Amino acid sequence: MKQGIYTIVEHTPLTRDVYRMVLSGDTSAMTMPGQFMEISLPGFFLRRPISICDYDEKTVTIIYKVVGQGTDAMARMKKGETLDALTGLGHGFDVEKSGDEPLLVGGGVGVPPLYNLAKTLLAAGRKPTVILGFNKADEIFYAREFEALGARVIVTTVDGSVGVKGFVTNALPERFSYVYSCGPMPMLRALYRATQGSGGQFSLEERMGCGFGACMGCSVMTKEGGRRVCKDGPVFDKEVLEWQI
Amino acid sequence: MADLKVTLSGLELDNPIIPASGTFGYGYEFAELYDINVLGSFSFKGTTLEPRFGNPTPRIAETPSGMINAVGMQNPGIDRVITEELPRLKRCFHKKVIANIGGFSVDEYAECCAHIDKEDQVGLIEVNVSCPNVHNGCMSFGTDPLGISAVTKAVKAVTSKPVYVKLSPNVTDIVPLAAAAAEAGADGISLINTLLGMRIDLRTKKPVIANKMGGFSGSAILPVALRMVYQVYEAVKLPIIGMGGVSTARDVVEMMLAGATAVEVGAANLVDPWACPKIIADLPGVMAQYGITSLKDIIGGAH
Ligand SMILES: Cc1cc2nc3c(=O)[nH]c(=O)nc-3n(C[C@H](O)[C@H](O)[C@H](O)COP(=O)(O)OP(=O)(O)OC[C@H]3O[C@@H](n4cnc5c(N)ncnc54)[C@H](O)[C@@H]3O)c2cc1C
Ligand SMILES: Cc1cc2nc3c(=O)[nH]c(=O)nc-3n(C[C@H](O)[C@H](O)[C@H](O)COP(=O)(O)O)c2cc1C
Ligand code: FES
């Protein structure tokens, strides 16, 4: 984990309430797809956990949705302003487990961390299929960016305005070697039911006090006992989680 | 040279800074970030006789200048702390640690403290009679002088280590509780634990925290903590570990002037993991600015 000051070099709306922010600063603590950063916002006590969408030697990209006061304040920030953040947080996706044709499933703001995962898998010669689930047409973001990487992309919308009508589970391909997912709990639960028998890793979300394992604020019960979403996760093998189904 | 040394019931500390229980785990998350031997000591995660998973999530909410937690004393139980956590800690921390002990009955507190009594690494026991996050739990002890007295006597009977009783601020008058601990033989008083608080999510229109209520801490509670430390210092002739909302070297000086011999730092560690070493590094400068040469000299100076 590292603490650093990051400068906003790009800040663009992707939809009505989803923004992409590119930050320049020290990215050396970032080691695997699926990790997150904890952003400190002026006037707010706790930091905000946001997934890393992509990173290189000098910049890190995040995508966030305005849901409350903190993200609203973030959306008002301008290019050139700086943010204090902790980086290199969390245990991300294990790309070694993917097999040849992994399936990546993202719902809403669960989509961002799958981007660097898809990129990493493609670089390793895998053929990922990416299912991106949204409610309706004007909420869709990043479908083209995933296609540009070279991934096969399926979009689902609940109202059927674009792509497959319904939920991500309505669009599952017949064959896939492994499943990676990030999204809201109801989606993960449905996906768990639909993919029993194949291996996979899911990224969880929980309210956090620290983000680096110190406070036990983010615990989740697993078959191996209580685990911290921030330090032992956010990515867990789906079979290890306790599913009330 | 600024003298930062203080002594808690015979336990000599290089400086008064002690990360507070529940915000520092068993130390190693922070040992990865800095040499935790710069600390005066630290108070480990509230530990009970049996392992506990704690409360359902969400356990955390934000407040203006603070936070609410309802962790519910998640811990691996005293035996695993002794066999696993302490040996692991020994490799990165060469000073005495403060054992923070929670419980649900007088016997349980006593048994837990009897287990830890043999551990050389433990310099002091901080008995938490005040956790607001456990149903039917220790807060009933913490708000009743008879309960505090019973727990203190039972613990004192099984250990030769200094016993500090950690008090709850969720009472009308803190003084009778501190007095009860003192009369029952406590070696010192730790205060304050968190204030009972709540947040409501406007989206769901329900409490943010699954347990509905939780413990409120962070910068926002500093004035309440200062007031209570001041009152207890006035009423009871025992050393005090003061805490609640401390996040800067100035806050530390203020807390000591109110009557604290040492100062715990809690929620600040969660938002700035380097908060404690920064405070320690800043202390000499702040002391110089206010004409203080030795921290020992200012304890209770505001009275
Ligand atoms: C590991 C992880 C990765 C995440 N990645 C992303 C991402 O890439 N893009 C994105 O848009 N969102 C992401 N989130 C959710 C994001 O953290 C919240 O939407 C954000 O904290 C809300 O802040 P706020 O101040 O706008 O909301 P408020 O409701 O005003 O915030 C109040 C408090 O609650 C916390 N909080 C509120 N909602 C959530 C939530 N859903 N999860 C965790 N904490 C919450 C806030 O951090 C803050 O401490 C992620 C969450 C986690 C745990
Ligand atoms: C996440 C969290 C967990 C805590 N757990 C414990 C605990 O297990 N035992 C205990 O005695 N106090 C616990 N506390 C209380 C702190 O030790 C301290 O008394 C309180 O937070 C006030 O200090 P602060 O304002 O600096 O945080 C906890 C506090 C927080 C924020
Ligand atoms: S948020 Fe503090 S341990 Fe996970």
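What you see is a predicted model; the values in this text were computed from it and never measured.

Give a description of the overall build of chain A that names residues and reports values.
The number of helices and strands found in chain A is four helices and 16 strands. Taking 245 residues into account, the globule formula puts the C-alpha radius of gyration at 18 Å, and chain A, at 17 Å, falls close to it. Overall size of chain A, expressed as C-alpha extent along the three principal axes, is 45 × 40 × 35 Å. Across the 245 residues in chain A, those meeting the buried criterion constitute 55%. Of all intrachain contacts in chain A linking residues separated by at least 6 positions in sequence, the fraction that spans at least 24 positions is 61%. Looking at chain A as shown, the accessible area adds up to about 10400 Å², and 49% of this sits on carbon and sulfur atoms. Side chains of chain A give 27 positive and 27 negative charges; the mean places of these two sets differ by 2 Å.

Report on the site of ligand 2, specifying residues and quantitative values.
Surrounding ligand 2, one finds 22 residues, the nearest of these being B:Ser21, B:Lys166, B:Gly245, B:Gly266 and B:Ala267. The local environment of ligand 2 is shared, drawing residues from chains A and B. A distance of 3.1 Å separates an oxygen atom of ligand 2 from a polar atom in the side chain of B:Lys45. Taking 610 Å² as the accessible area of ligand 2 by itself, protein coverage stands at 98%. Among the residues making up the shell around ligand 2, the classes are represented as six nonpolar, 14 polar and two charged.

Lay out the site of ligand 1 with the relevant residues and their values.
Inspection of the region around ligand 1 gives 21 residues, with A:Pro49, A:Gly70, A:Thr71, A:Arg207 and B:Arg203 positioned closest. The local environment of ligand 1 is shared, drawing residues from chains A and B. The contact in question runs from an oxygen atom of ligand 1 to an N or O atom on the backbone of A:Lys65, over 2.8 Å. Between ligand 1 and the protein, one listed contact pairs an oxygen atom with a backbone N or O atom of A:Gly70 at 2.7 Å. Look at ligand 1: alone it shows 830 Å² of surface, and the protein chains cover 89% of it. With four residues, strand 4 (residues 48-51) of chain A is the single largest residue contributor to the shell around ligand 1. Class assignment for the residues of the shell around ligand 1 results in nine nonpolar, five polar and seven charged.

Describe the packing of aromatic side chains, and please don't skip the residues or the numbers.
Residues and elements named next belong to chain A. Within this structure, the stated rule accounts for 15 aromatic pairs over all chains. Both rings, one in Tyr 115 and one in Phe 146, keep their centres 5.5 Å apart while their planes meet at 80°; by these two values the pair is edge-to-face. Of this pair, Tyr 115 sits in helix 2 (residues 112-123) while Phe 146 sits in helix 3 (residues 143-149); the two residues are 31 residues apart in sequence, bridging distant segments of the chain. We note that Tyr 115, like Phe 146, is buried. Among the aromatic side chains, those forming a connected cluster through ring pairs are Tyr 115, Phe 134, Phe 141, Tyr 142 and Phe 146.

Just give me the short version of the interface of chain A and chain B, but keep the residues and values in it.
With 29 residues of chain A at the interface, the matching set in chain B holds 33 residues. When chain A packs against chain B, close to 2400 Å² is buried across both sides, 60% of that on carbon and sulfur atoms. Summed over the shared surface of chain A and chain B, the number is four salt bridges. Counting every contact that joins chain A to chain B gives 12 residue pairs in polar contact (both at pLDDT 80 or more). Of all elements in the fold, only strand 1 (2-13), strand 14 (219-222) and strand 15 (225-228) of chain A reach the threshold of two or more residues within the side of chain A that touches chain B. For the side of chain A that touches chain B, the leading source of residues is strand 14 of chain A, giving three residues.

Can you break down the domain arrangement of chain A residue by residue, with the values?
Residue and element names in this part refer to chain A. Entries for chain A in the domain assignment read domain 1 (2-89) and domain 2 (95-199). Taking only C-alpha atoms, the centre of domain 1 and the centre of domain 2 are 23 Å apart. In this assembly, 15 residues from domain 1 lie in contact with 15 residues from domain 2. Across the domain 1/domain 2 interface, buried area totals approximately 1200 Å², and carbon plus sulfur atoms make up 64% of it.

Break down the sheet that holds strand 11 (residues 164-165) of chain A for me, with residues and values.
Sheets are built from strands that pair by backbone hydrogen bonding, the pairs being arranged parallel or antiparallel. Residues and elements named next belong to chain A. Pairing is mixed in the open sheet, where seven strands are placed in the order 11-10-9-8-12-13-16. The two strands at the open ends of the sheet, each matched to only one other strand, are strand 11 and strand 16 (235-237). Bridging between strand 13 (residues 200-203) and strand 16 involves three bridges; their strand directions are antiparallel. Considered in strand 16, the bridge of Phe 202 is made with Phe 236. The sheet strands contacting helix 2 are strand 8 (103-107) and strand 12 (179-182), and the helix crosses strand 8 at an angle near 165°. Against the sheet, helix 4 (residues 185-194) engages strand 8, strand 12 and strand 13, with an angle of about 165° to strand 12.

Which residues make up the sheet that holds strand 14 (residues 240-243) of chain B, and what values go with them?
Residues and elements named next belong to chain B. A sheet is described by the order of its strands in space; here seven strands give the open sequence 3-15-14-9-8-7-6, paired in parallel fashion. Because the sheet does not close on itself, it has two edges, and the strands there are strand 3 (17-19) and strand 6 (97-101). Each adjacent strand pair in this sheet contributes to an overall mean axis angle of 25°, direction not counted. Note that strand 14 and strand 15 (residues 262-265) share three bridges and pair parallel. Each bridged residue has a counterpart across the sheet, and for Met 243 the counterpart in strand 15 is Glu 264. Running at roughly 170° to strand 7 (residues 122-128), helix 3 (residues 106-117) makes contact with strand 6 and strand 7 of the sheet.

I'd like to hear about the pairing of strand 15 of chain A, residue by residue, with values.
Residue and element names in this part refer to chain A. Here strand 14 pairs with strand 15 via four bridges, running antiparallel. Looking at the pairing, Met 221 lines up with Gly 226 of strand 15. Here strand 14 folds back onto strand 15 in antiparallel fashion, the turn holding two residues.

Before we move on, could you go through the side chain of A:Asp54 and cite the residues and values that matter?
Locating A:Asp54 in the fold gives a position in strand 5 (residues 54-55). For A:Asp54, the residues in contact, after removing those within four places along its chain, are A:Thr59, A:Val60, A:Thr61, A:Tyr115, A:Asn116 and A:Lys119.

Help me get a handle on the environment of A:Glu205, residues and values and all.
Residue and element names in this part refer to chain A. Take Glu 205: it is sitting in the loop between strand 13 and strand 14. Among the residues examined, Glu 205 registers a relative accessible area of 73% and is labelled exposed. With 95 residues separating them along the chain, Glu 205 and Gly 110 place their C-alpha atoms 9.3 Å apart.

Can you tell me about unusual backbone geometry, naming the residues and giving the values?
Of the consecutive residues A:Gly233 and A:Pro234, the connecting peptide bond is found in the cis state with omega at 10°. Of note, A:Pro234 is situated in the loop between strand 15 and strand 16. In the segment running from B:Leu191 into B:Ile192, the intervening peptide bond is cis, with an omega of 10°. If you trace the backbone, B:Ile192 turns up in the loop between strand 9 (188-191) and strand 10 (195-197). Not every positive phi belongs to a glycine, and A:Tyr142 is a case in point at roughly 70°. With respect to the helices and strands, the residue A:Tyr142 is situated in the loop between strand 9 (129-134) and helix 3. A relative accessible area of 7% means that A:Tyr142 is categorised as buried. Phi at B:Ser9 is positive, roughly 45°, even though this residue is not glycine. Among the structural elements, B:Ser9 can be located in the loop between strand 1 (6-8) and strand 2 (11-13). Note on B:Ser9: relative accessible area 33%, which makes it partly exposed.

What counts, and where the lines are drawn
- Residues numbered from 1 in each chain as written.
- Chains lettered and ligands numbered in written order.
- Predicted model: local features only at pLDDT ≥ 70, side-chain atom pairs only at ≥ 80, totals over all residues.
- Heavy atoms only, no water.
- Helix = DSSP H or I, 4+ residues; strand = E, 2+ residues; numbered from the N terminus.
- Rg over C-alpha atoms; globule rule 2.2 N^0.38 Å.
- Buried < 20%, exposed > 50% of the residue type's maximum accessible area, 1.4 Å probe, protein only.
- Contact = heavy atoms within 4.5 Å.
- Areas by Shrake-Rupley, 256 points an atom, 1.4 Å probe, with all protein chains shown as cover.
- Lys, Arg positive; Asp, Glu negative; His and termini not counted.
- Charge placed at Lys NZ, Arg CZ, Asp CG, Glu CD.
- Near = heavy atom within 4 Å.
- Polar contact = N/O pair within 3.5 Å; in protein donor to acceptor, adjacent residues only side chain to side chain.
- Nonpolar A, V, L, I, M, F, W, Y, C, P; charged D, E, K, R; others polar.
- Phe/Tyr/Trp six-rings, centres within 6.5 Å; stacked < 30°, edge-to-face > 60°.
- Buried area = accessible area lost by both parts, 1.4 Å probe.
- Salt bridge = Lys/Arg side-chain N within 4 Å of Asp/Glu carboxyl O.
- Domains from an automatic or database assignment.
- Pairing = 2+ DSSP bridges.
- Axes fitted to C-alpha atoms, helices over the stretch in contact; angles between N-to-C directions.

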